[in-house]
Amino acid sequence: MESSEEKRRRVLNKVQDWQRTEAEEHFSDLLEGAKSGRVQRIADVDGVFELKFKASKRERAGDVLARGGPGGD
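Residues numbered from 1 in each chain as written. Predicted model: local features only at pLDDT ≥ 70, side-chain atom pairs only at ≥ 80, totals over all residues. Heavy atoms only, no water.

A. Looking closely at the overall build of the chain. In terms of regular secondary structure, the chain is built from four helices and three strands. Taken over 73 residues, the chain has a buried fraction of 11%. (Helix = DSSP H or I, 4+ residues; strand = E, 2+ residues; numbered from the N terminus. Buried < 20%, exposed > 50% of the residue type's maximum accessible area, 1.4 Å probe, protein only.)

Below, the structure written as structure tokens:
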């Protein structure tokens, strides 16, 4: 039986293929697909674009607070 981690990896490794004109018409769907973890591959006459979403780096609140403030005691 497939573990939840294996299932997550399988879903994330999927690629959504688009033709450029189709991608231009469905730009919002293209961005949402990338944000959900699927690589968006857009075929153009001269090559292929690949769109991937990269989340902003987030820090845990405890790590930020542990650094202390900008004082020089």
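Here the narrative resumes, following the displayed structure.
B. Local environment of the sheet that holds strand 2 (residues 39-44). Spatial strand order, 1-2-3: three strands in an open sheet with mixed pairing. The open sheet has two edge strands with one neighbour each: strand 1 (15-19) and strand 3 (47-51). On average, each strand axis in the sheet is inclined to that of its neighbour by 25°, with strand direction left out of account. Across five bridges, strand 2 lies against strand 3 in antiparallel orientation. (Pairing = 2+ DSSP bridges. Axes fitted to C-alpha atoms, helices over the stretch in contact; angles between N-to-C directions.)

C. Geometry of the confidence of the model for the chain. Per-residue confidence for the chain gives a mean pLDDT of 85, with 86% of residues at or over 70. Looking across the chain, the model is least confident in helix 1 (residues 4-12), with a mean pLDDT of 67, and most confident in helix 2 (residues 20-25), with 97. (pLDDT = per-residue confidence, 0-100.)

D. A look at helix 3 (residues 27-35). Taken together, the buried positions of helix 3 are Leu30, Gly33 and Ala34. All buried residues of helix 3 lie within an arc of 100° about the axis, which places them on one face of the element. Residues of helix 3 that are exposed and point more than 90 degrees away from the buried face comprise Ser28 and Lys35. Taken together, the buried residues of helix 3 touch strand 1, helix 2, strand 2 and strand 3. Phi turns positive, to about 105°, at Gly37, one or two residues after helix 3. (Arc of directions from axis to C-beta. Contact = heavy atoms within 4.5 Å.)

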